[in-house]
Amino acid sequence: MPFLSQKSHFFKKTTIASAVSLACFSLSFGVLAEQSDTENELKKVERITVVGATTNSEITPAVLANYQANDLEDIFRHTPSVTVGGSLGIAQKIFVRGVEDSMVNVTVDGAPQTSTLFHHIGRVAIEPELLKSVEVQAGAGEATAGSGAVGGAIRFKTKSATDLLDENDRFGGTAKVSYFTNDGHKESLSLYGKATDSIGILASYVTVSRKNMEDGDGKALPGTAADQTLGFIKLNAKLTESQDITVSYEQRKEDGEFGKQTNWAPLESDPLFASWGERETLVLNHNWFLNSLVNLETTVYQTKSSFKRELYTWDASIETIGFDIRNTSDIGTHSITYGIEHKNDKVHSQSYEDFGGIFDEDGTVLGAYVQDHWQVFPDLRLSFGLRFDSYELDHQGIEANWVKVDGVWVVETDAAGAPVTSTSEFSAKKQDGFSKNVGLLYNLADNLTLSLGYAEALRGRQIADAFTVGELTPNANLVPEEVENVELGIQYNDGAWMFEASVYSSTINGVVFDKFKGREGVFYENIGDLGSEGFELVGGYQTDNFDVIVSFNHNDVELDNVIFNWPDPTDATSTNRIEVDNIDLAAYEYGGLGNAVGDSLNVNFNYHLNDQIKLGWNYKYVASLNDIEVFHRSIELGWVEKLETIGKPSYQLVDAYVSYEPFDSLRVDLSIQNLLDESYRSHGSVADYGHIPGYEGVVGIKEAGRDIRLTVAYQF
């Protein structure tokens, strides 16, 4: 089976694409599905989206392979609405339109990746080698997007044996070896085959070893070395002509020595601490297409993730178990999807050496939804949906009593030497509600389509950050977050020329923040309204052997209606209640909510020289953000006396690749990330506070400088 079996046609038009127009266009990355010959096949490839259609995007394996993606930054590097910060893999966080991934419904083959193990690391870990596609829904969308999708959804889908085998093949494999000049190597082996005509098996093993990276100034970035391993096995079976099932298991591990705050740049004198991260995901997917009324999809999953640190001998884990069952019925000109989902999250935190406490939270969400796509007439499709979600949460903890002995804090013990403890238990008030959406796609003329959408989403109290779960103070007045998202878009696509323009405005009313309140511990509170608004422009041209895409993204993400209690400058014993609007989000103070990102311009070019050689180039410019006011919360806590300002400098990146396939079984990829050796800090990272006295250590890690990557893959 050749690696380069087809050329990419990013704007390719099909019967399906004509029917749903914007919905099936994948922003500069997708290859549209061909029209199938049978109703069964057609049903499987048709994925209809109306609300938010113009700003949704898809990333394909071809893009990931061309640039030899290794982490989240590589995966989303060229996606306009997505920014990744944190630099090193375990610390990377995703921001969709400036909103952090903690507010985005992230799934792997339908299994949600929930909550946070430690607020200084990311919560999403994925190996690009496994991916069949990555779908991004920017902003709240349709009722089928899943529970808690107030900031949107990201859906990772993994490969199966059938994706890698030609129709007449029974067995195959791919061995890859990669070398990165900045600085490491990667090896992978995938074996896949058909046990019978209806059963396929895929098994993959990937190992990555990285030394400390260097930034664009040639300076080493301490605390960025890490080792990663991944084992993956997936079985897919066709049970009958109308039923298929897949079962997959993935285990991913990462370890290294990182700074105390993993996503901050350690000072030269700062120690590093051994840390170990792991994720295991087990997923079962079953599809049954009986007829136009029964197209049943079932997903059952279990995900376990853990993070262990040498510092504080601290150990934490999160387990998520759940299911989603949905059916699609085609009735006349209506295609109606309806279903239920249930998810249970459990977080556990404790010290693995000296007793310091044991803390657990158990959160459950039950959801039911219905979404109707109605083809009113050939040029007009309407969509409307309704969703109900109900959240419940229980907390319990056993906390050690700490006392100071000879100036050192130690755990108090009784006469028998056992720790003296106290217990805490509480349940969050049940939070539930409905959220609705409505949208339309209207063909204004041949190849020209208008989209309009309005969507709501609701999210109740989630399980806490595993590192701070032992410091919680309950809040009986907490209410669920409710988001309203409005989008308007227009698209022209004639198969050669393409243009898109979209504008959006999203507000998360009563956004919940795990607010540190000094001696009161951590307090989940509705702190104000989080707004994300902006616009995206995309234009492109394609011929048989090349394509070019130009995109521009503008986004403002701010907090409004935030109440602070600042010290009264005229009376040291009292405070003033102050309401502040237009607070630009910065990851240091508002981790878990979002991060302001400058305007970005992206130019992507791909050229097929011949059947053996293809090459490409990408240019990205991110504009600076200046005079961002910070320390609103720090004044309230008494840490500082006045507001300060920070800036995020602009940067420009050039990436390039060449792929050569001398014959069907051999492929050589050469890519250069950051060709110009730019020294920069991603706007998705913690900004530089080093110029502020007392905050010299609050500086996000810079991104890697020039990285030349070479991969040789042999397929058999």
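What you are looking at is a predicted structure, and each value in this text was computed from that prediction instead of being measured.

Rules of the game
Residues numbered from 1 in each chain as written. Predicted model: local features only at pLDDT ≥ 70, side-chain atom pairs only at ≥ 80, totals over all residues. Heavy atoms only, no water. Salt bridge = Lys/Arg side-chain N within 4 Å of Asp/Glu carboxyl O. Helix = DSSP H or I, 4+ residues; strand = E, 2+ residues; numbered from the N terminus. Buried < 20%, exposed > 50% of the residue type's maximum accessible area, 1.4 Å probe, protein only. pLDDT = per-residue confidence, 0-100. Contact = heavy atoms within 4.5 Å. Pairing = 2+ DSSP bridges.

1. As for the pattern of salt bridges
Within the structure shown, the criterion is met by 27 salt bridges. The salt bridge partner of Arg 155 is Glu 135, with a shortest N-O separation of 3.2 Å. Within this pair, whereas Arg 155 is found in strand β8 (residues 152-158), its partner Glu 135 is found in strand β7 (residues 131-138), the two being separated by 20 residues in sequence. Looking at Arg 155, the relative accessible area reads 25%, which means it is partly exposed. Residue class for Glu 135 comes out buried when judged on its relative accessible area of 19%. Close ionic contact of Asp 677 with Arg 706 constitutes a salt bridge, the shortest N to O distance being 4.0 Å. Of the two residues, Asp 677 is situated in the loop between β37 (666-673) and β38 (707-715) and Arg 706 in the loop between β37 and β38; the sequence distance between them amounts to 29 residues. Overall, the relative accessible area of 26% leaves Asp 677 in the partly exposed class. Assessed through its relative accessible area of 35%, Arg 706 is described here as partly exposed. Each of Asp 74, Arg 210, Asp 707 and Arg 709 takes part in salt bridges that share partners, so that together they form one network.

2. Remarks on the confidence of the model for the protein
Considering every residue of the protein, the mean pLDDT works out to 87; 91% of them sit at 70 or more. Across residues 4-10, confidence stays below pLDDT 50; counting only partners more than four residues off in sequence or on other chains, it has 25 contacts. Every residue in residues 12-47 scores below 50 in pLDDT, and together they form 90 contacts with partners more than four places removed in sequence or on other chains.

3. With respect to the sheet that holds strand β6 (residues 111-112)
Reading across the sheet, the five strands line up as β1-β7-β8-β5-β6 and stay open at both edges, with mixed pairing between neighbours. Only two strands of the sheet have a single partner each, and these edge strands are β1 (57-59) and β6. Judged from the seven bridges that link them, β7 and β8 form a sheet pairing that is antiparallel. What sits directly across from Val 134, in β8, is Phe 156.

4. Quick word on the pairing of strand β3 (residues 93-96)
Burial of the side chains of β3 extends over both faces: Lys 93 and Phe 95 are buried on one face and Ile 94 and Val 96 on the other. Relative to β3, strand β2 (residues 82-85) runs antiparallel, the two sharing four bridges. Of the residues in β3, the one forming a bridge with Val 82 is Val 96. Looking at chain direction, β3 and strand β4 (residues 99-100) are connected through two bridges and run antiparallel. Bridge pairing in β4 places Val 96 opposite Val 99. The hairpin formed by β3 and β4 contains two residues between the paired strands, and Arg 97 there has a positive phi angle of roughly 55 degrees.

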